[in-house]
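Here are the chains, one letter per residue:
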Amino acid sequence: MSANPPVLRPRPAPRPARRRAAPSRPAPHREPMPVVLTAVIVAGALPVAFVWWQNTIPGSLDSPAADLSAAGRIAGLLAAYLLLVLVALMARVPWLENRIGSDTVARLHRALGEYTVALAFAHAVLIVCGYAWQGHTDPLTETWAVVTGYTDVWLAAVSLGLLGLIGVVSARAIRRRVAYESWYHVHLLAYVAIALAFSHEFAVGTEFSASPRNRLLWSAAHVVVGAAVVVFRLGLPLYRSLRHGVRVAAVVAEGPGVVSVHLTGRDLDRLGARAGQFLRWRFLARGQWWQSHPYSLSAAPTPDALRITVKALGDASGAVARLRPGTRVWFEGPYGAFTARRRWGATARPARPVLLLAAGAGVTPLRALYETLPAAARGGPGHHDGRHDSGSGDGGVLLVQRASRPEDLVLHAELRRIAQARGFGLLAVVGPRGGPADDPLRADRLRAMVPALAERDVYLCGPAGWTAFVRAELRRAGVPARRIRTEAFAF
Ligand SMILES: Cc1cc2nc3c(=O)[nH]c(=O)nc-3n(C[C@H](O)[C@H](O)[C@H](O)COP(=O)(O)OP(=O)(O)OC[C@H]3O[C@@H](n4cnc5c(N)ncnc54)[C@H](O)[C@@H]3O)c2cc1C
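Residue positions within a chain follow its written sequence, with the count starting from 1. With the structure being a predicted model, the display of local features is reserved for residues of pLDDT at least 70 and the display and counting of side-chain atom pairs for 80 or more, all residues being used for whole-chain, interface and lining totals. For side-chain calculations, the full set of non-hydrogen atoms in the structure is used, while hydrogens and water are omitted.

### A word on the overall build of the protein
Where we set the bar: Strands are runs of DSSP state E lasting at least 2 residues, helices are runs of H or I lasting at least 4, and numbering of each runs from the N terminus. The buried label goes to any residue with under 20% of its type's maximum accessible area, the exposed label to any with over 50%, and the partly exposed label to all in between, with areas taken from a 1.4 Å probe on protein chains only. Residues count as neighbours in contact if any of their non-hydrogen atoms are within 4.5 Å of one another. Surface exposure here means Shrake-Rupley accessible area, sampled with a 1.4 Å probe, where a residue is shielded only by the protein chains that are shown.
Across its full length, the protein carries 16 helices and 12 strands. A buried classification covers 47% of the 491 residues belonging to the protein. Pairs at least 24 residues apart make up 74% of the contacts formed inside the protein by residues separated by at least 6 positions. Total accessible area computed for the protein in this model is approximately 23,800 Å², and 63% of it derives from carbon and sulfur atoms.

### Structural notes on the pattern of salt bridges
For the record, the criterion: Salt-bridge detection follows one rule: a side-chain nitrogen of Lys or Arg within 4 Å of a carboxyl oxygen of Asp or Glu.
In this structure the tally under the stated criterion is 12 salt bridges. Among the salt bridges present, the one from Glu 207 reaches Arg 73, with a minimum N-O distance of 2.9 Å. Highlighted residues: Glu 207 in helix H9 (residues 206–209) and Arg 73 in helix H2 (residues 64–89), separated in sequence by 134 residues. For Glu 207, a relative accessible area of 2% corresponds to the buried category. For Arg 405, the salt bridge goes to Glu 407, with nearest N and O atoms at 3.5 Å. A relative accessible area of 42% places Glu 407 in the partly exposed class. Members of the salt-bridge network, linked through shared partners, are Arg 307, Arg 367, Glu 371 and Glu 414.

### Notes on the site of the ligand
The condition that has to hold: A molecule or strand has a residue near it when one of that residue's heavy atoms lies within 4 Å. What qualifies as a polar contact is a pair of N or O atoms within 3.5 Å, subject to a donor-acceptor requirement within protein and to the restriction that residues adjacent in sequence count only when both atoms come from side chains.
Around the ligand lies a shell of 22 residues, among which His 293, Pro 294, Lys 311, Ser 317 and Thr 364 are the nearest. A distance of 3.4 Å separates a nitrogen atom of the ligand from a polar atom in the side chain of Tyr 180. Between the ligand and Ser 317 there is a distance of 2.5 Å, counted from an oxygen atom to a side-chain nitrogen or oxygen. Relative to its unbound accessible surface of 870 Å², the ligand loses 85% to contact with the protein. Mapped onto the shell around the ligand, the elements with two or more residues apiece are strand S5 (293–296), strand S6 (305–311) and helix H11 (315–319). In terms of residue count, S5 provides more of the shell around the ligand than any other element does, 4 residues in total.

### Describing the pairing of strand S9 (residues 397–403)
Heads up, the rule is: Strand pairing is defined by DSSP finding a minimum of two bridges between the two strands.
Summarising burial for S9: 7 of the 7 residues are buried, a large majority. Burial along S9 is two-sided: the residues Val 397, Leu 399, Gln 401 and Ala 403 and Leu 398, Val 400 and Arg 402 are all buried. Relative to S9, strand S8 (residues 354–359) runs parallel, the two being bridged by 6 bridges. Bridge assignment links Val 354 to a residue of S9, and that residue is Val 397. Examined bridge by bridge, S9 and strand S10 (residues 425–430) share 6 bridges and lie parallel to one another. Bridge pairing links Arg 402 to Val 429 in S10.

### Focus: the nonpolar core
To be explicit about the condition: Remark: nonpolar core denotes a set of buried residues (Ala, Val, Leu, Ile, Met, Phe, Trp, Tyr, Cys) joined through side-chain atoms within 4.5 Å.
Counting residues in each nonpolar core, the largest one holds 37 residues, and the members touching the most others are Leu 37, Ile 41, Tyr 81, Leu 89, Leu 112 and Trp 218. Elements that contribute at least two residues to this core include exactly helix H1 (35–54), H2, helix H3 (94–134), helix H5 (151–170), helix H8 (189–204) and helix H10 (212–244). Of all the elements, H2 adds the most residues to this core, at 13 residues. Once residues within four sequence positions are removed from consideration, Trp 218 is found in contact with Ala 80, Tyr 81, Leu 84, Phe 198, Glu 201, Phe 202 and Phe 208. Grouped together as the second largest cluster of nonpolar side chains are 25 residues, Leu 356, Val 363, Leu 415 and Tyr 459 included.

### Section: the side chain of Arg 280
Inclusion rule: None of His or the chain ends enter the tally, which takes Lys and Arg as positive and Asp and Glu as negative.
Its location among the elements puts Arg 280 in strand S4 (residues 278–283). Comment: no salt bridge for buried Arg 280; closest opposite-charge side chain is Glu 332, at 4.7 Å. Ignoring any residue separated from it by four or fewer positions in sequence, one finds Arg 280 in contact with Arg 92, Ser 292, His 293, Pro 294, Trp 330, Phe 331, Glu 332, Tyr 335 and Phe 491.

### Overview of a nonpolar patch on the surface
Operational definition: Every patch collects residues that have over 30% relative accessible area and no salt bridge, joining them within 9 Å if they carry like charges and within 5 Å if they are nonpolar side chains (Val, Leu, Ile, Met, Phe, Trp, Tyr).
A contiguous nonpolar patch, built from Val 35, Val 36 and Val 40 and spanning about 320 Å² of accessible area, is present on the exposed surface. Position of Val 35 among the secondary structure elements: in helix H1. The class of Val 35 is exposed, set by a relative accessible area of 65%.

### With respect to the packing of aromatic side chains
The criterion, for reference: Two rings from Phe, Tyr or Trp (for Trp, the six-membered ring) form a pair when their centres are within 6.5 Å of each other. A pair whose planes differ by under 30 degrees is stacked, one over 60 is edge-to-face, and the rest are tilted.
Evaluation of the coordinates by the stated rule reveals 10 aromatic pairs. Centroid distance Phe 198 to Phe 202: 4.8 Å. Interplanar angle 50 degrees. Geometry classified as tilted. Of the two residues, Phe 198 and Phe 202 both sit in helix H8, 4 residues apart, roughly one turn of that helix. The interplanar angle of 70 degrees and the centroid separation of 5.2 Å between the aromatic rings of Phe 338 and Tyr 459 together place this pair among those described as edge-to-face. One end of the pair, Phe 338, is in the loop between strand S7 (329–335) and helix H12 (340–344); the other, Tyr 459, is in strand S11 (residues 457–461), and 121 residues separate them in sequence. For the pair formed by Phe 338 and Tyr 459, the shared burial category is buried.

### Brief notes about the packing of H5 against H8
What counts, and what does not: Each axis is a line fitted through C-alpha atoms, taken for helices only over the stretch in contact, and angles between the N-to-C directions span 0 to 180 degrees. Crossing chirality is assigned from the near helix's rotation relative to the far helix, an anticlockwise turn below a right angle marking it left-handed and a clockwise turn marking it right-handed. Gly is put with the polar residues, along with every residue not named as nonpolar or charged; the nonpolar set is Ala, Val, Leu, Ile, Met, Phe, Trp, Tyr, Cys and Pro, and the charged set is Asp, Glu, Lys and Arg.
In contact at an axis separation of 8 Å, H5 and H8 are set at 145 degrees when each is read in the N-to-C sense. Once H5 is placed against H8, the crossing between them reads as left-handed. Seen from H5, the contacting residues are Asp 152, Val 153, Leu 155, Ala 156, Val 158, Ser 159, Leu 162, Leu 163, Leu 165 and Ile 166; seen from H8, they are Leu 189, Ala 190, Val 192, Ala 193, Leu 196, Ala 197, Ser 199, His 200, Ala 203 and Val 204. Here the residues of the contact of H5 with H8 sort into 16 nonpolar, 3 polar and 1 charged.

### A short note on the environment of Val 320
The topology assignment puts Val 320 in the loop between H11 and S7. A C-alpha to C-alpha distance of 8.4 Å links Val 320 and Phe 283, two positions 37 residues apart in sequence. Not counting chain neighbours up to four residues away, the residues in contact with Val 320 comprise Val 251, Val 259, Val 261, Phe 283, Gln 288, Tyr 295 and Val 310.

### Some remarks on the pairing of S4
Across the 6 residues of S4, 5 count as buried, placing the element largely inside the fold. Looking at chain direction, S4 and S5 are connected through 4 bridges and run antiparallel. Across the sheet, residue Arg 280 finds its bridge partner in S5, namely Pro 294. Where S4 lies against S7, 5 bridges are found, and the strand directions are antiparallel. Within S7, the residue paired with Phe 278 across the bridge is Tyr 335.

Here it is, written out as structure tokens:
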């Protein structure tokens, strides 16, 4: 690679000779759900449905009112089951976080959360309507009767209110307007909601009140999930933070609003952190200790040093620049499946040429991967795929960094040094974003810029809108979806 890798400045798109339809703005991209994990969750619902079936006396579904009540019972059981699944998904179990990926787990949690809230409300409405119909009264009178007649149901009604509140703050339109911390703290009420609903399940749910075995199994499921939360969200982070004694070593300005935080600690190799992963950092400094934020490693971890690079977006990320050397740091993780090992197994050696595409702070995990990725087994100098020659001097690994202004090319000088040392390709694409019709990373321009594009494994990280756009263009350029890995910088 040349000493100064090329900087491409987007030119205005040439005026088309004939009027042709501009490529339409891509539909918002939806990543596929993890199939196996989803199948396991669905399979877990089968015993729940079976318990309901066992406790539904043959011939009892003999009237619309009884049907409503029975539908209400199964809705309630499934809501309670899913609530437990939601908590388990967010327990930060390392296997889930590192194999499936934190962002994918969070997406599944979000999707199931919608069903859970809907089922919980369906449970209440169906039960009340069924009972009202059977008792020849109206639903409002019946609601008052069940809520005031049984303490457990009253608690369950409060639980339903909390679930409704969580559902409201999580609705996309509202989530965008609510600060992350407020949204997060409202979410913690889910633990209270589970506790409040628990006693009414045993007191009025025939599936449990009549069966000690079901009560035992249901309690055991709660204990296992609760233990996972305590171990993985509290115990392990606390143990690791004390064990490794991480402190801020230095804070270095990298560009407008961007700093790198160099961290030291003991036996950091024992953490098993890999390039491409992130940790949740809690800086024990005034005004910062009470919240943790996820930042990716921006350099390959060593036994006594870690580094993150942070762009100031809000209060917490802005305060990172003011950290003093010596500040103690607690952390959770490492987390994330945006790694070479996850893609290519134990050797982490790419089986095909690689394209790393970064914008803004999204360069951080890619910078670490760029430093550590072994050259591709296929591709690199001399590799021909029949159409292109990916032996264009990029060693099978090309990093394309996108920024609006040259000064926003975060860590670019380091990337240049790595490119030279490792013989990898590096391109900077600088300039304003065009519309979908003339964006410099449009499919045809990507194809022209990146040799053997369709052959490559792609790692993509940047702002959400940009990532969705580039992903759609990569698909248009012929890169199969399974070969595009993205890391979302927002859950
Ligand atoms: C997996 C992952 C890796 C990341 N790696 C980096 C990195 O290497 N460098 C970097 O500069 N940024 C990174 N980010 C983004 C960084 O976490 C946010 O910019 C930061 O948390 C913003 O906090 P704030 O209070 O300063 O800003 P705010 O104005 O409060 O928030 C800005 C945005 O960050 C989101 N956000 C805020 N707090 C959190 C949180 N605790 N967890 C998740 N999202 C949050 C908000 O929803 C909002 O979209 C990463 C995010 C994720 C999810």
